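Overview (structure and organization)
One letter stands for each residue in the lines below.
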Protein chains: 2
Amino acid sequence: MAKLSDQKKIEVCFTPRSYELYKSDFKIVVVIDVLRATSAICAAIDSGVEKIIPVSTIPEAIEYQKQGYLVGAEREGKIVEGFDFGNSPFSYMDEQLKGKTIVLSTTNGTMAINTAADSSTVVIGSLLNLDVLCAWLIEQNENTLILGSGWMNKFNLEDTVCAGAIADKLIESRLFKANEDSTVAAKFIYRSAKENIFGYLKASSHRRRLRKLNLNEDVKFCLTPNTMNTIPILRNGEIVKLDYVYEPVPVSFK
Amino acid sequence: MAKLSDQKKIEVCFTPRSYELYKSDFKIVVVIDVLRATSAICAAIDSGVEKIIPVSTIPEAIEYQKQGYLVGAEREGKIVEGFDFGNSPFSYMDEQLKGKTIVLSTTNGTMAINTAADSSTVVIGSLLNLDVLCAWLIEQNENTLILGSGWMNKFNLEDTVCAGAIADKLIESRLFKANEDSTVAAKFIYRSAKENIFGYLKASSHRRRLRKLNLNEDVKFCLTPNTMNTIPILRNGEIVKLDYVYEPVPVSFK
């Protein structure tokens, strides 16, 4: 076991709005938006998309579209009119997108990624790449902040469950410790949820929102842990695949 | 049971920093700072203090002191030098303070009260007056927002447990419903904590902070539910006792 004084910090910040209060002293920021932006980014990069350029606003997305880029844009759960894709992971799991660059703007997730962009290392997390991400974070052994995307800067439950899962695994390694109440709460919430994440999140507001939009298949996909061994990383404003070999075989999504 | 469409809203906002995002459409705001500002205010008003004037800054507190007021000021758990009291409930439970007016400035709680002051009704909650407060809120039957004070605008666990307790009781009455994930999470956290709140909060950062300051007796007092039947209410910038008769006999604090 690491000496207590050597332990690195693992903390959770629930929303981009609170990021300023938490950000000092962290080397790595993990951005998560389980429903659905960071799940879609993981699925895209895992399926062979070469680069994703996250942009915060629709005008920026339109600029890229004019330059001939493939562009995804989602607001409040729906594809923004005139764009190629929205926020569904399935739409990015397409042979024809292999090696391509995609520009993406979503309600919460891409804003969170750009909020964290001042950090020296930003990686993309979701339940889909939970174990590989934790294995990599433990190897890095640096102070790590998990930034949830929230919903319009309000607290959300699904990002908290995922953040709690990451924090729990890192604390279990004994190489990391948590001090913030947000991290303690996220860990408690994950532990209550972990046997049945899909059932637990029935009460979540965004699951209800997506159910109304007939997106239950997306939700099931996004809430199935460890279906891929890919970690997307932000490099010079572009999200690419991190070169990291991780042995376990991912579970298949049914 | 009330028709679903008639149900009033009960929601939880974790910190003053997020208040702007949540505040619209609520008639009543309940401010809580379990450790220790709102517990101290409840104890003071219950013990016969006539008025508490909450002020946000130390310079304001000094102004009142110059005018001859009794003034309490706390920052980071300690009494600010030169003031009469800090944030300990026990210091306000004093025969000699009956009928007196006290000015109070604390790290988080009084700022939260002043943040909510634009609302039409602001009441002061804590675990100490949990049942009487819930009974009164159910009688009012208005959209109600619970505002946690947090710690320096960060999420805190003890306010979340108390907020979850209030939300849980109001939802149980079936006259209220919750939509925000923050409320769902607070309710989950309260339900995990309720059998042993003191034990559950061992992990909380502020309990650790207060333990270091030898304030464990304060913590035990603040975490004992239903020791009084008093609801403090904000009227024209002053906190006074709400005129409300509630039958059950409060438990004694041992």
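The shown structure was predicted, so the numbers you read here are calculated from the model rather than taken from an experiment.

Another aspect to go through is the overall build of chain A. Counting secondary structure elements, chain A contains 10 helices and 11 strands. Its C-alpha atoms give chain A a radius of gyration of 17 Å, near enough to 18 Å, the size a compact globule of 254 residues would have. Seen along its three principal axes, the alpha-carbon backbone of chain A occupies a region of about 55 × 35 × 35 Å. For chain A, contacts bridging at least 24 residues in sequence account for 78% of all contacts bridging at least 6.

With that out of the way, let us pick up the interface of chain A and chain B. Listed per partner, the contact involves 22 residues of chain A and 22 residues of chain B. Put simply, the parts of the chain that give the side of chain A that touches chain B at least two residues each are α6 (157–172) and α7 (181–193) of chain A. Per element, the largest residue contribution to the side of chain A that touches chain B is seven residues, and it comes from α7 of chain A. Grouping the amino acids of the side of chain A that touches chain B by side-chain chemistry returns nine nonpolar, nine polar and four charged.

Below, the discussion takes up the confidence of the model for chain A. Summarising the model, chain A shows a mean pLDDT of 94, and 98% of its residues fall at 70 or more. Model confidence for the complex: the whole-complex pTM is 0.94, and ipTM, which rates the interface, is 0.92.

Right, let's get into the relation of the copies chain A and chain B. The two copies are related by a screw motion: chain A maps onto chain B through a turn of 180° and a shift of 0.0 Å along the axis, at an RMSD of 0.0 Å. Within this description, the copies of the chain are treated as partners about a two-fold rotation axis. For chain A, the residue whose C-alpha comes nearest the rotation axis is Ile 189 of chain A, separated from it by 3.7 Å. Counting the interface residues of chain A, we find that 100% of their copies in chain B are interface residues as well, pointing to one common contact surface.

What follows deals with helix α6 (residues 130–140) of chain B. Taken as a whole, α6 of chain B has its buried residues at Val 132, Leu 133, Cys 134 and Leu 137 of chain B. On its buried face, α6 of chain B sits against β2 (28–32), β7 (121–125), β8 (144–148) and α7 (157–172) of chain B.

Moving on: the packing of α6 of chain A against α7 of chain A. All names here are of chain A. Where α6 meets α7, the axes come as close as 7 Å, and the angle between the chain directions of the two elements is 100°. Taken together, the axes of α6 and α7 are roughly perpendicular relative to one another. Contacts between α6 and α7 involve Thr 160, Val 161, Ala 163, Gly 164, Ala 165, Ala 167 and Asp 168 from the first element and Thr 183, Ala 186, Lys 187, Ile 189, Tyr 190, Arg 191 and Ala 193 from the second. The residue inventory of the contact of α6 with α7, partitioned by class, reads eight nonpolar, three polar and three charged.

Take the environment of Ile 233 of chain A next. All names here are of chain A. Checked against the element boundaries, Ile 233 lands in strand β10 (residues 232–235). For Ile 233, a count of 18 C-beta atoms within 10 Å translates into the label partly exposed. Along the chain, Ile 233 and Ile 124 lie 109 residues apart, while their C-alpha atoms are 6.1 Å from each other.

All names here are of chain B. At a minimum axis distance of 10 Å, the contact between α6 and α7 shows a crossing angle of 45°. In terms of orientation, α6 lies oblique with respect to α7. As α6 packs across α7, the resulting crossing turns out to be right-handed. Contact with α6, carried on its side by Leu 130, Leu 133, Cys 134, Leu 137 and Ile 138, involves Ala 165, Ile 166, Lys 169 and Leu 170 of α7 and no other residues of that element. Residues belonging to the contact of α6 with α7 are distributed by class as follows: eight nonpolar, no polar and one charged.

Turning our eyes to something else, we now look at the pairing of strand β11 (residues 238–241) of chain B. Sheet faces and side chains relate simply in a regular strand, where the side chains alternate between the two faces. Note: strand β10 (residues 232–235) of chain B against β11 of chain B, four bridges, orientation antiparallel. Among the inter-strand pairings, Leu 234 of chain B is bridged to a residue of β11 of chain B, identified as Ile 239 of chain B.

A few words now on the environment of Ile 41 of chain A. Residue and element names in this part refer to chain A. Tracing the backbone through its elements, the reader meets Ile 41 in helix α2 (residues 37–46). Residue Ile 41 is classed as buried on the basis of its C-beta count, with 33 C-beta atoms lying within 10 Å. Counting along the chain gives 70 residues from Ile 41 to Met 111, while the straight-line C-alpha distance between them is 14 Å. When residues no more than four places from it in sequence are discounted, the contact partners of Ile 41 are Ile 52, Ile 124, Pro 232 and Ile 239.

Residue and element names in this part refer to chain B. Two elements, strand β4 (residues 70–75) and strand β6 (residues 101–105), share four bridges in a ladder whose sense is parallel. Across the sheet, Val 71 pairs through a bridge with Val 103, a residue of β6. Here β4 pairs with strand β5 (residues 78–79) via two bridges, running antiparallel. In the sheet register, Glu 74 faces β5, and the bridge partner there is Ile 79. Here β4 hands over to β5 after two residues, with Glu 76 in that stretch at a positive phi of 50°.

Residue and element names in this part refer to chain A. Residue Arg 36 is reached from Leu 35 by a cis peptide bond, and omega for that bond is 5°. Mapped onto the elements of the fold, Arg 36 is located in the loop between β2 (28–32) and α2. One non-glycine residue, Asp 25, adopts positive backbone phi at about 80°. Here Asp 25 lies in the loop between α1 (19–22) and β2.

Here the focus is the environment of Ile 58 of chain B. All names here are of chain B. Structurally, the position occupied by Ile 58 is in helix α3 (residues 58–66). Separated by 15 residues in sequence, Ile 58 and Ala 73 have C-alpha atoms that sit 7.3 Å apart. In contact with Ile 58, not counting residues within four places along its chain, are Ala 73, Val 80 and Ser 105.

Thresholds, definitions, all that
- Per chain, residue numbering runs from 1 following the sequence as it is written.
- Throughout, the order in which chains and ligands are written sets their labels, letters from A for the former and numbers from 1 for the latter.
- Only residues with pLDDT of at least 70 get local features here, since the model is predicted, and only at 80 or more are side-chain atom pairs given and counted; chain-wide, interface and lining totals rely on the full set of residues.
- Under the scheme used here, helices are H or I runs from DSSP no shorter than 4 residues and strands are E runs no shorter than 2 residues, and both carry numbers assigned from the N terminus.
- For the radius of gyration, the atom set is restricted to C-alpha positions; the globular benchmark scales as 2.2 Å times the number of residues to the power 0.38.
- Residue pairs qualify as contacts under a 7 Å threshold applied to their C-beta atoms, which are placed from the backbone.
- Under the scheme applied, nonpolar residues are Ala, Val, Leu, Ile, Met, Phe, Trp, Tyr, Cys and Pro; charged residues are Asp, Glu, Lys and Arg; polar residues are all the others, including Gly.
- Every residue carries a pLDDT, the predictor's confidence in it, which falls somewhere between 0 and 100.
- Superposing the copies works by least squares over the C-alpha atoms of residues that have pLDDT at least 70 in both of them.
- Residues with at least 20 other C-beta atoms within 10 Å of their own are called buried, those with 12 or fewer are called exposed, and the rest are partly exposed. The C-beta atoms themselves are positioned from the backbone.
- Fitted lines through C-alpha atoms serve as axes, helices being fitted only where they are in contact, and the angles separating the N-to-C directions of these axes extend from 0 to 180 degrees.
- For this classification, under 35 degrees means roughly parallel, over 145 means roughly antiparallel, 65 to 115 means roughly perpendicular, and everything else is oblique.
- Here a crossing is taken to be left-handed if its near helix is turned anticlockwise relative to the far helix by less than a right angle, and right-handed if that turn runs clockwise.
- For two strands to count as paired, DSSP must find a minimum of two bridges between them.

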